[in-house]
Amino acid sequence: MRVVIDHVAGTRRGQRQELDASKRIRFGRHPDCEVAFDPYRDIDASSRHAELRPVEAGWVLVDLGSSNGTYIDGHRVTEAKVASLTPLDLVFGPGGPRIRLFLGDETAISALHPPVLEKSWPPWLVPAIGGGSFVILFVLLLTRC
């Protein structure tokens, strides 16, 4: 049994990780986490945000007291059972890194459809729009004076 992590949004967008499902998997910005997010840009995620733990009856995802919460399919959770063969949408803090989590064997993983990646905007876009708007307003004000 393997854990597939597809990074859908955040600085690792488009990357895939496959990990052993028999071991604890930690999510966060700390470099010791098996699923480590960028410590400077993925700031909605805590340094040690959540863990996927194997238990007798399967797996459980546990929020480790993160500042911004852990969301599964849009609902904030502190602890949730995770079923195999069911893709889950996880977000680490509102607007934070988003992943698709899937537990399955090699056959199920090979049949898994590619994730839908969130659009990524270039970092210069918002300042450029703001600056352009300012210039247009300034020119309009000058022409009316």
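Relevant structure appears above.
Our subject in this report is the structure included herewith.

Cut-offs applied
- Residues numbered from 1 in each chain as written.
- Predicted model: local features only at pLDDT ≥ 70, side-chain atom pairs only at ≥ 80, totals over all residues.
- Heavy atoms only, no water.
- Helix = DSSP H or I, 4+ residues; strand = E, 2+ residues; numbered from the N terminus.
- Rg over C-alpha atoms; globule rule 2.2 N^0.38 Å.
- Areas by Shrake-Rupley, 256 points an atom, 1.4 Å probe, with all protein chains shown as cover.
- Lys, Arg positive; Asp, Glu negative; His and termini not counted.
- Charge placed at Lys NZ, Arg CZ, Asp CG, Glu CD.
- Pairing = 2+ DSSP bridges.
- Axes fitted to C-alpha atoms, helices over the stretch in contact; angles between N-to-C directions.
- Buried < 20%, exposed > 50% of the residue type's maximum accessible area, 1.4 Å probe, protein only.

Attention now moves to the overall build of the protein. A count of helical and extended segments in the protein gives two helices and eleven strands. Along the protein, from the amino end to the carboxyl end, the secondary structure elements read β-β-β-β-β-β-β-β-β-β-β-α-α. Computed over the C-alpha atoms, the radius of gyration of the protein is 19 Å, more than 25% above the 15 Å expected from 2.2 N^0.38 for a compact globule of 145 residues. For the protein, the spread of C-alpha atoms along the principal axes amounts to about 75 × 35 × 25 Å. Accessible area of the protein: about 8,900 Å², with a carbon and sulfur share of 58%. A gap of 6 Å separates the mean positions of the 17 positive and 17 negative side-chain charges of the protein.

With antiparallel pairing, six strands are arranged side by side in an open sheet as S2-S1-S11-S10-S7-S8. This sheet does not close on itself; its edge strands, each paired only once, are strand S2 (16-20) and strand S8 (75-77). Adjacent strand axes in the sheet meet at a mean angle of 30 degrees when their direction is disregarded.

Across residues other than glycine, the phi torsion is negative in most instances, and most of the peptide bonds are trans. Not every positive phi belongs to a glycine, and Asp73 is a case in point at roughly 50 degrees. Of note, the phi angle at Leu85 is positive, near 65 degrees, even though the residue is not glycine. Mapped onto the secondary structure, Leu85 falls in the loop between strand S9 (79-82) and strand S10 (88-92). We classify Leu85 as exposed; its relative accessible area is 53%.

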